[in-house]
Amino acid sequence: MVKYERFDLEEQRVKLIAEKFENKNLLKNLEDAVLRGLSTSTGNILDNTELLETLEETKRKAAEVNTLIFFLICTFELNIVFENTIHKYSLLLLPQLFVILMKWTQS
């Protein structure tokens, strides 16, 4: 229904899905880099600064992506709730508004 009544919300939903997949692909690439580093590392892993930096970057990016996805989903859901609330109350107030306008035009 949103698809037909509110094109902008549908567009926002499509962008959200695209961004979600893009960020998940980024996380997968970072995770692959960590696994590659772990499998090729020799000696003490704690001495491998490149691997540790990649691990820290992966943790940081994962937190950013999860926060972003949560924010985008909440924003989208709030927009839908807001729109539905306005739509509901506008339908409830419409008859009252009609009566007020009729009285106003008659006076």
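Since the model is a prediction, treat every value here as computed from it, not as a measurement. (Residues numbered from 1 in each chain as written. Predicted model: local features only at pLDDT ≥ 70, side-chain atom pairs only at ≥ 80, totals over all residues. Heavy atoms only, no water.)

Chemist: Which residues make up the overall build of the chain, and what values do they have?
Modeler: Within the chain one finds three helices and zero strands. When the helices and strands of the chain are placed in sequence order, the string is α-α-α. Here the chain has a C-alpha radius of gyration of 25 Å; the compact-globule value for 107 residues is 13 Å, and the former is much larger. The buried share among the 107 residues of the chain stands at 15%. Residue pairs at least 24 apart in sequence account for 65% of intrachain contacts in the chain once pairs closer than 6 positions are excluded. For the chain, the separation between the mean place of its 13 positive charges and that of its 16 negative charges on side chains is 9 Å. (Helix = DSSP H or I, 4+ residues; strand = E, 2+ residues; numbered from the N terminus. Rg over C-alpha atoms; globule rule 2.2 N^0.38 Å. Buried < 20%, exposed > 50% of the residue type's maximum accessible area, 1.4 Å probe, protein only. Contact = heavy atoms within 4.5 Å. Lys, Arg positive; Asp, Glu negative; His and termini not counted. Charge placed at Lys NZ, Arg CZ, Asp CG, Glu CD.)

Chemist: A description of helix α3 (residues 49-106) should follow, citing residues and the corresponding values.
Modeler: Between the first and last C-alpha of α3 there are 82 Å, a value that for 58 residues agrees with the 86 Å anticipated at 1.5 Å per step. Of all the bends found along α3, the most pronounced is centred on Leu93 and spans about 40 degrees, while Pro95, a proline, follows it within four residues. Here α3 has its buried residues at Leu51, Thr58, Lys61, Val65, Ile69, Phe76 and Ile80. Where the residues of α3 are buried, they touch α2 (7-40). (Expected span 1.5 Å × (residues − 1). Bend = angle between axes of the 7 residues up to and from the residue.)

Chemist: Give a description of the packing of α2 against α3 that names residues and reports values.
Modeler: The interhelical angle for the contact between α2 and α3, taken along N-to-C directions, is 165 degrees, at an axis separation of 10 Å. Relative to α3, the element α2 lies roughly antiparallel. As α2 runs across α3, the sense of the crossing is left-handed. Class assignment of the residues belonging to the contact of α2 with α3 gives a composition of 18 nonpolar, seven polar and seven charged. (Axes fitted to C-alpha atoms, helices over the stretch in contact; angles between N-to-C directions. Parallel < 35°, antiparallel > 145°, perpendicular 65-115°, else oblique. Left-handed = near helix turned anticlockwise from the far one by under 90°. Nonpolar A, V, L, I, M, F, W, Y, C, P; charged D, E, K, R; others polar.)

Chemist: Please set out the environment of Ile73 residue by residue, giving values where relevant.
Modeler: Take Ile73: it is sitting in helix α3. For Ile73, a relative accessible area of 37% gives the class partly exposed. Placed 55 residues apart in sequence, Ile73 and Ala18 show a C-alpha to C-alpha distance of 13 Å.

Chemist: Quick rundown of the pattern of salt bridges? Include the residues and the values.
Modeler: Evaluation of the coordinates by the stated rule reveals six salt bridges. For Arg60, the salt bridge is made with Glu64, and the minimal N-O distance between the two is 2.2 Å. Here Glu64 and Arg60 lie together in helix α3, a separation of four residues that amounts to about one turn. For Glu64, a relative accessible area of 36% corresponds to the partly exposed category. Members of the salt-bridge network, linked through shared partners, are Glu57, Arg60, Lys61 and Glu64. (Salt bridge = Lys/Arg side-chain N within 4 Å of Asp/Glu carboxyl O.)

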